[in-house]
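Inside the fold
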Amino acid sequence: MHIFLSLFYFSYFSLVGVYIMFMPDALTAFGYSTSEIGMVYTAAPLMRFLLPFVFKYYVPLNSKIYFIALLFTLLSAILFIFTVNDFYLHLLSNAIFGASMGIILPYVETISLEKLTKEMYGKIRLWGSVGFIIIALFLGQIDASGMETIYYLCLTALLTWIFGYFILQYDNHKQSSNEEGNIGFSLKKYWAFWASIFLMQVAFGGFYTFFTIYETEHGFSKEVISYLWSFAVICEIAMLYFQGGLLQRNLLNILKVATLITAFRWVLLYLYPDSLTITFFSQSLHAISFALYHTAAITYVFSLYTQKHLAQQFFLGISFGLGGGVGSLLAGYIYGEYLFLFEAVIAFGAFIMLLVHDKRRQKVLRG
């Protein structure tokens, strides 16, 4: 089981790496403006946000749906080859891609959280970071053209489909996730927490979509930028490997600290965009603002709800889905000198929402 989970994370996040790090720049080669790139990168996250509502009320998330999603992840990546020269068709392809990706990761994450200890989860999950860093270094070195980047997207999608198939044998809920009582699932009860994770990902919109373009405009080569991405992921890997002990502590406090550090990270990128040393330092904070935050957040969500599959879908949908989509769209329109200053303010807003959530939770515990 550990081998297949590791290979799945490796291939899935290699795919994410191509999509996040290199596809935006590839789209500029096809004549897309920054606002158009922002709109394209809104389609996939928006689908991730809408899907959990479908699975809550209408469709059971079972092994058949998961397998179909794997297949459509591959097919939609192939569609990129034929649609990239047409904005609206490419927007549709990204929507299909986002919908498919929004099903398969929560499905696998639930299996991992059920079957692995917190320490082992981090050690398995870090293989996703390894895939991400390898694709960053490789594509950064070869400086692939726009169409070549799409071919690599298709290759990583194929690997995700292959290794994702073998995960099915480890699912304890193959028939239906509705047996968990999805209708009773409530977002309102913990609204401030969900608002916080939404804002946190809005604050990442400019980084994921425009970091490569932003630093290119400040004089860094694609090779250097690939090193910056890779260094961030190396720090992420180290955190994933050693974070087990931290996750035994108060998860809300971990989330608060990680959110504040993220706001500080964006301030650094705003103040010192031309400093390679400070940019490397800001990338080191990815260990906390992504790796530790992400693991603490999904573990916290896993503990809040009995509807495990659906809870993970909503986490992905509200954070990387709605938050990522709004973040990309907003970043596309505000892109410029003050981009990361805006991102810092939004991240601080996420911290405020965590304070509200903690206060409400303490009030309930006191009766």
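What comes next concerns the included structure. These numbers come from a predicted model, not from an experiment.

Notes on the side chain of threonine 110
On the secondary structure map, threonine 110 appears in helix α4 (residues 87–115). Since its relative accessible area comes to 0%, threonine 110 is described here as buried. Among the polar contacts made by the side chain of threonine 110, one reaches the main-chain carbonyl oxygen of proline 106 at a distance of 2.9 Å. Residues contacting threonine 110, with those up to four places away along its chain left out, are Lys308, His309 and Gln312.

Here's the deal with the pattern of salt bridges
Under the counting rule described, the total for this entry stands at two salt bridges. Of the charged contacts in the structure, one is a salt bridge between aspartate 358 and lysine 256, with a shortest N-O distance of 2.6 Å. Separated by 102 residues along the polypeptide, aspartate 358 in helix α14 (residues 339–366) and lysine 256 in helix α10 (residues 251–271) bring together distant segments of the chain. With relative accessibility at 12%, the residue aspartate 358 sits in the buried group. Between aspartate 358 and arginine 361 there is a salt bridge, with its nearest N and O atoms 3.0 Å apart. Of the two residues, aspartate 358 and arginine 361 are both situated in helix α14; the distance of three residues between them amounts to about one turn of the helix. One salt-bridge network, in which partners are shared between bridges, spans Lys256, Asp358 and Arg361.

Quick notes on empty space enclosed by the protein
In this structure the tally under the stated criterion is three cavities of 30 Å³ or more. Size it by volume and the largest cavity reaches roughly 540 Å³. Along the walls of the largest cavity sit 35 residues, with Val16, Ile20, Arg48, Tyr208 and Phe320 positioned nearest its centre. When residues of the lining of the largest cavity are traced back to their parent elements, those giving at least two are α1 (2–29), α2 (34–57), α4, α5 (118–142), α8 (205–217), α9 (222–242), α12 (286–304) and α13 (308–334). Partitioning the lining of the largest cavity into residue classes produces 21 nonpolar, eleven polar and three charged. In this structure, the second largest cavity spans a volume of roughly 60 Å³. Along the walls of the second largest cavity sit Leu105, Pro106, Glu109, His294, Ile298, Gln312, Phe315, Leu316 and Phe320, which together make up its complete lining.

Some remarks on the side chain of asparagine 94
Relative to the helices and strands, asparagine 94 resides in helix α4. Residue contacts for asparagine 94: discarding those within four places in its chain leaves Tyr19, Val40, Ala43, Ala44 and Phe80.

Parameters at a glance
- Residues numbered from 1 in each chain as written.
- Predicted model: local features only at pLDDT ≥ 70, side-chain atom pairs only at ≥ 80, totals over all residues.
- Heavy atoms only, no water.
- Helix = DSSP H or I, 4+ residues; strand = E, 2+ residues; numbered from the N terminus.
- Buried < 20%, exposed > 50% of the residue type's maximum accessible area, 1.4 Å probe, protein only.
- Polar contact = N/O pair within 3.5 Å; in protein donor to acceptor, adjacent residues only side chain to side chain.
- Contact = heavy atoms within 4.5 Å.
- Salt bridge = Lys/Arg side-chain N within 4 Å of Asp/Glu carboxyl O.
- 1 Å grid on protein atoms, 1.4 Å probe; cavity = no way out; pocket = protein on both sides within 12 Å on 5 of 7 lines; lining within 4 Å.
- Points joined across faces, edges and corners; volume = space filled by probe spheres on them.
- Nonpolar A, V, L, I, M, F, W, Y, C, P; charged D, E, K, R; others polar.

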